[in-house]
Amino acid sequence: MGTLMKSLVFACAALAATLPSAHAAEPSGEAMAATCAGCHGTQGRLGTVEFVPLAGLSEDEFVRAMRDFKSGKRPSTLMSVVANGFTESEIRSMARYFAGVKPSPAQ
Amino acid sequence: MLNRRDFLKAGAGIALAAALPARAAAAAGHIVIIGGGVGGATAAKYLKLYNPALRVTVIETNRTYIRPYGSSEVLTGHVGMNDLNVSYDTLKSKYGVGFVFDTVVGFDPAKKQVRTAGRQTIAYDKLVVSPGISLQYQAIPGYSAAVAETRAPSGWIPGSQTALLTKQLQAMRPGGTFVIVAPPNPYRCPPGPYERAALVTEWMRKHNPSGKVLILDPKDSFVTDATMQLGWHRLYGYNIPNDYLSDMPAGVKNSGKPSPIEWVRAMDGGAPQSLDARTLTVMTKQGAVKADVLNVIPPMKAGKLAFDMGLTDASGFCPVDRRSFESSVHRDVFVIGDASIADAMPKSGFSANNQAKVTARAIVAQMAGRAPGEPVWENTCYALAGSDYGLYVADVFRLKDGKITRLPGERYLPLDASMAKIRLAAAYQQAWLKTFTEDCFA
Ligand SMILES: Cc1cc2nc3c(=O)[nH]c(=O)nc-3n(C[C@H](O)[C@H](O)[C@H](O)COP(=O)(O)OP(=O)(O)OC[C@H]3O[C@@H](n4cnc5c(N)ncnc54)[C@H](O)[C@@H]3O)c2cc1C
């Protein structure tokens, strides 16, 4: 195998290793959303200014934000780390969950 | 003090005493939670969120929780002891969680009952145990609980020792040395001892400019070590050891001048071997180190309750089925938080909170006769190198071959992060203290 080919294969393998496998069982949207709550509020319902409340966010907006965190298009402190921990389809199901939650009155 | 046999007997002995009726809520069941800290409170709240028909009772020794996270800020006067207090009122009024303020002293797994020091017997369908850590004071010759309460506080379970340490720091002689003895792995809050060192150094620049902070460590590394040392270097002129220097951004150079903060690793002879409480001297391989204020963070194990209940293994922590955190020893008993064995997850509040949610989902599923769903956990530990200098470690965890594994990839603040990002991380750290407390307790 040529060196270029080898390094390409290696690069792909490395990429695959950093992504959660798309074939593994997926946690539910609600279960994944619960991991966000420590900063973004229980069920994404939040009244403080530092973090973005996620409850009631449109699916598109949530998906776009997570994609942009992943690619680095949207700068962040640690959201790129978090976004990289979820597959595209997982991000969609989280988005569906948050879109269905009524925002907090303080939002 | 009860030994384990007596402890189990204390549980069995009350078989005929009137047990609180678990029957009323039999359809949904009675979930009892021991420990109203981060893990226990979050479990109680999320059980009620996921299934309001469940009856949920928390048994907790103290009427008010004193939060450990953010408690080093008491030392520097950024917050007072009272600011650490967290009330259980909202869990009671908004979520309908029941509270019994008492200490669990007996356990009968066959009858599924626990007994309290106040002689109450409480029956459960499922039991969640989140007792936190116990500090192994006696692991360092010369150290003891009595020494920690009077001469050389640890302040790793916040309370009287935090207050004492604060008083000692503020009364330290000009030019004195504040020594922190760091703990071996695994321990609660991996960046915590080093964040404390940073905050004390920052405080001294204002209030005791010739004072010094010295960390004696039985380890050679810690999580966030590179970013934390870069922060110390920028803020306090800390000299970065050569083996870390090569990864630092261009332009980072040691002055070689003595710095007000120093980290002595095991490889440099920093491991503590014993201490003399009277003279505040720590013996290390490097020699005797004399402190003016001595903060010893001793080795840790699961909370004493976990030992008494027979939930621990040889490691001193509690083995669990990682999918649900159900104990590998007793069925229908779940151990979460610092006391549990969770592989790649650190012993942090964020972890305890995420474990509580996974356990709450698993319990609700089990009670409904369903298998628990696929779990996922996250951890984010923000830490400060100074009031305006934040950094972090962040991870998403998945279940893989029965173990909790961290997804590979970037997990720290990049070493070349802009000052704007660094200040933002510090602002987020402060905001997190609030939002996190709300997610657990309100
Ligand atoms: C200085 C410091 C800074 C920290 N900073 C952070 C941070 O920035 N981020 C982070 O995520 N984590 C941080 N932590 C760690 C975090 O506080 C702990 O990991 C977390 O509190 C663990 O939760 P737990 O439920 O396991 O135990 P705990 O919160 O300690 O709760 C245990 C509870 O059980 C009760 N209990 C014990 N035995 C009994 C019994 N027999 N009967 C009745 N009740 C009982 C206790 O009274 C206590 O309330 C920090 C810790 C320290 C010390």
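Our structure is the block above this text.
Let's talk about the site of the ligand
Residues and elements named next belong to chain B.
Part 1 of the argument: In the vicinity of the ligand, 34 residues are found, and the nearest of them are Glu60, Tyr65, Ser130, Arg188 and Phe350.
Part 2 of the argument: One nitrogen or oxygen atom from the main chain of Val104 is found 3.0 Å from a nitrogen atom belonging to the ligand.
Part 3 of the argument: Interatomic distance of 2.8 Å between a side-chain N/O atom of Ser130 and an oxygen atom of the ligand.
Part 4 of the argument: Secondary-structure elements contributing two or more residues to the shell around the ligand are helix H2 (38-50), strand E2 (55-60) and helix H10 (349-367).
Part 5 of the argument: A per-element tally of the shell around the ligand places H10 first, with three residues.
Part 6 of the argument: Class assignment of the residues belonging to the shell around the ligand gives a composition of 15 nonpolar, 14 polar and five charged.
Part 7 of the argument: Among the domains, domain 1 (4-132 + 303-374) and domain 2 (137-299) are the pair contributing at least three residues each to the shell around the ligand.

As for the packing of H10(B) against helix H11 (residues 419-441) of chain B
Residue and element names in this part refer to chain B.
Part 1 of the argument: Contact pair H10 / H11: the axes reach a minimum separation of 11 Å and the direction vectors enclose 25°. Taken together, the axes of H10 and H11 are roughly parallel relative to one another. When the axes of H10 and H11 are compared, the crossing they make is left-handed. Where H10 abuts H11, its residues Gly349, Phe350, Asn353 and Lys357 lie against Trp432, Phe436, Asp439 and Cys440.

Regarding the environment of Asp68(A)
Residues and elements named next belong to chain A.
Part 1 of the argument: With respect to the element layout, Asp68 can be found in helix H4 (residues 59-71).
Part 2 of the argument: Along the chain, Asp68 and Val82 lie 14 residues apart, while their C-alpha atoms are 12 Å from each other.
Part 3 of the argument: Setting aside anything within four residues of it in sequence, one finds Asp68 in contact with Lys73 and Arg74.

Observations concerning the packing of H4(A) against helix H6 (residues 88-99) of chain A
Residue and element names in this part refer to chain A.
Part 1 of the argument: It is the contact of H4 with H6, at a shortest axis distance of 8 Å, that shows an interaxial angle of 140°. Considered as vectors, H4 and H6 are oriented oblique to each other. Of the two possible hands of crossing, H4 and H6 adopt the one that is right-handed. Taken together, the residues of H6 that come into contact with H4 (itself represented by Glu59, Phe62, Val63, Met66, Arg67 and Lys70) are Glu88, Ile91, Arg92, Met94, Ala95, Arg96, Phe98 and Ala99.

Brief notes about the interface of chain B and chain A
Part 1 of the argument: Listed per partner, the contact involves 35 residues of chain B and 29 residues of chain A.
Part 2 of the argument: For the chain B and chain A pair, buried surface summed over both sides reaches about 2700 Å², with 63% attributable to carbon and sulfur atoms.
Part 3 of the argument: Three residues stand out in chain B for area buried against chain A, namely Glu374(B), Arg398(B) and Thr435(B), and they jointly supply 19% of the buried area on that side.
Part 4 of the argument: Joining chain B to chain A, the criterion identifies two salt bridges.
Part 5 of the argument: With a shortest N-O distance of 2.8 Å, Arg398(B) and Glu90(A) are connected by a salt bridge.
Part 6 of the argument: For the pair chain B and chain A, the interface holds twelve residue pairs in polar contact (both at pLDDT 80 or more).
Part 7 of the argument: Residue assignment for the side of chain B that touches chain A shows that the elements contributing at least two residues are H2, H10, strand E22 (376-386), strand E23 (389-400) and H11 of chain B.
Part 8 of the argument: With eleven residues, the single largest contributor to the side of chain B that touches chain A is H11(B).

Thresholds, definitions, all that
Residues numbered from 1 in each chain as written. Chains lettered and ligands numbered in written order. Predicted model: local features only at pLDDT ≥ 70, side-chain atom pairs only at ≥ 80, totals over all residues. Heavy atoms only, no water. Near = heavy atom within 4 Å. Polar contact = N/O pair within 3.5 Å; in protein donor to acceptor, adjacent residues only side chain to side chain. Helix = DSSP H or I, 4+ residues; strand = E, 2+ residues; numbered from the N terminus. Nonpolar A, V, L, I, M, F, W, Y, C, P; charged D, E, K, R; others polar. Domains from an automatic or database assignment. Axes fitted to C-alpha atoms, helices over the stretch in contact; angles between N-to-C directions. Parallel < 35°, antiparallel > 145°, perpendicular 65-115°, else oblique. Left-handed = near helix turned anticlockwise from the far one by under 90°. Contact = heavy atoms within 4.5 Å. Buried area = accessible area lost by both parts, 1.4 Å probe. Salt bridge = Lys/Arg side-chain N within 4 Å of Asp/Glu carboxyl O.

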